[in-house]
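# Coordinate inspection notes
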Amino acid sequence: NAGVTQTPKFQVLKTGQSMTLQCAQDMNHNSMYWYRQDPGMGLRLIYYSASEGTTDKGEVPNGYNVSRLNKREFSLRLESAAPSQTSVYFCASNAGGGYTFGSGTRLTVV
Amino acid sequence: ELKVEQNPLFLSMQEGKNYTIYCNYSTTSDRLYWYRQDPGKSLESLFVLLSNGAVKQEGRLMASLDTKARLSTLHITAAVHDLSATYFCAVGGGGGADGLTFGKGTHLIIQP
């Protein structure tokens, strides 16, 4: 029972490069989320998807795009990475009760 | 806009002592979550509180919820070193489809 799987676990990008963070869940949850965690800031919601085919902006969506590819997968794309996007990114899923978080992706933009 | 405030943000305490972490939130919500995070790790769910007056306990940790005061507390009894971690409260509503709003976290250090 894998839960929520995120790839990659670590990534270093140069300013201006693009990349996609992958997230997949095997719990048949409808809702999926992307958060970023910065020191002293808690977790902040970037985007969420309440169901397959829908996505909505969270608190800090600028500089990101998302795709809900199917019920299992929810990806986060950085089109032109900036140093301000250096952070730890967590994917989560929820089925109306508790949330399950992935192990995180530590991204550094230099 | 929902705001969640935790205090204290940093706490250093000795083993065997009791202490309480406070979580205030700004608007009505139907559920309150507590998480634990160890350095470099993901979030571990501790408690989900669903109604006014709810109290849950697990080992040396006890969480409560007062929806009228918009306040939740996480009480630590007779602290031990293994409870050293960062603790987050988070607030969500309506089945949670629109995600959680987190406090900034309480970094707890328990010294032998």
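Refer to the preceding data block for the structure.
Read on for an overview of the structure.

Procedures and definitions
Residues numbered from 1 in each chain as written. Chains lettered and ligands numbered in written order. Predicted model: local features only at pLDDT ≥ 70, side-chain atom pairs only at ≥ 80, totals over all residues. Heavy atoms only, no water. Pairing = 2+ DSSP bridges. Helix = DSSP H or I, 4+ residues; strand = E, 2+ residues; numbered from the N terminus. Axes fitted to C-alpha atoms, helices over the stretch in contact; angles between N-to-C directions. Contact = heavy atoms within 4.5 Å. Buried area = accessible area lost by both parts, 1.4 Å probe. Salt bridge = Lys/Arg side-chain N within 4 Å of Asp/Glu carboxyl O. Polar contact = N/O pair within 3.5 Å; in protein donor to acceptor, adjacent residues only side chain to side chain. Phe/Tyr/Trp six-rings, centres within 6.5 Å; stacked < 30°, edge-to-face > 60°. Buried < 20%, exposed > 50% of the residue type's maximum accessible area, 1.4 Å probe, protein only. Disulfide = S-S within 2.5 Å.

Further remarks concern the sheet that holds strand β7 (residues 61–66) of chain B. All names here are of chain B. Across the sheet, five strands lie side by side as β1-β3-β8-β7-β6; this open sheet has antiparallel pairing. The outermost strands of the open sheet, each flanked by one partner alone, are β1 (4–7) and β6 (55–58). Along the sheet, successive strands turn relative to each other by an average axial angle of 15 degrees, direction set aside. Across six bridges, the pairing between β7 and strand β8 (residues 71–76) is antiparallel. Counted as the bridge partner of A63 is L74 from β8.

This part covers the interface of chain B and chain A. On the chain A side, the residues contacting the 18 residues of chain B number 21 residues. Carbon and sulfur atoms supply 54% of the area that chain B and chain A bury against each other, a total of about 1500 Å² over both sides. Remark: the boundary between chain B and chain A carries zero salt bridges. Counting across the chain B and chain A interface gives three residue pairs in polar contact (both at pLDDT 80 or more). Broken down by element, the side of chain B that touches chain A gets its largest block of residues, four residues, from strand β4 (residues 31–37) of chain B.

It is worth spelling out the sheet that holds strand β3 (residues 19–25) of chain A at this point. Residues and elements named next belong to chain A. Across the sheet, four strands lie side by side as β1-β3-β8-β7; this open sheet has antiparallel pairing. Two strands bound the open sheet, and with one partner strand each, they are β1 (4–7) and β7 (65–68). Going across the sheet, the axis of each strand differs from the next one's by a mean of 15 degrees, ignoring polarity. Direction of pairing for β1 relative to β3: antiparallel, over a ladder of four bridges. Residue T5 lies in a different strand from β3, and its bridge partner there is A24.

On to the packing of aromatic side chains, then. For the structure shown, the criterion picks out twelve aromatic pairs over all chains. Aromatic side chains Y35 of chain A and F101 of chain A sit 6.0 Å apart centroid to centroid with 45 degrees between the ring planes, which places their arrangement in the tilted category. Taken as a pair, Y35 of chain A in strand β4 (residues 31–38) and F101 of chain A in strand β10 (residues 99–101) lie far apart in primary sequence, 66 residues in all. On the basis of relative accessible area, Y35 of chain A is assigned to the buried category, the value being 0%. Classification of F101 of chain A as buried rests on a relative accessible area of 9%. On the numbers, 5.5 Å between centres and 85 degrees between planes, the contact of F101 of chain A with Y35 of chain B is edge-to-face. Of this pair, F101 of chain A sits in strand β10 while Y35 of chain B sits in strand β4, placing the two residues on different chains.

All names here are of chain A. For Q25, the position within the fold is in strand β3. The class for Q25 is buried, based on a relative accessible area of 1%. If we skip the residues at most four places from it in the chain, Q25 touches G3, V4, M32, R68, K71, R72 and S93.

Linking two cysteines covalently via their sulfur atoms produces the bond known as a disulfide. Tallied over the full model, the rule gives two disulfides over all chains. Between C23 of chain A and C91 of chain A runs a disulfide, and the two sulfur atoms are separated by 1.8 Å. Residues C23 of chain A and C91 of chain A share a disulfide whose torsion about the S-S bond is about -75 degrees; that sign makes it left-handed. Of this pair, C23 of chain A sits in strand β3 while C91 of chain A sits in strand β9 (residues 87–94), and the two are 68 residues apart along the sequence. An identical accessibility class is assigned to C23 of chain A and C91 of chain A; each is buried. Here C23 of chain B pairs with C89 of chain B through a disulfide, and the sulfurs are 2.0 Å apart. Here C23 of chain B and C89 of chain B share a disulfide; its torsion about the S-S bond, 80 degrees, makes the bridge right-handed. Here C23 of chain B, found in strand β3 (residues 19–25), pairs with C89 of chain B, found in strand β9 (residues 85–92); they are 66 residues apart in sequence, far enough to count as distant. On the basis of relative accessibility, which here comes to 0%, the residue C89 of chain B falls in the buried class.

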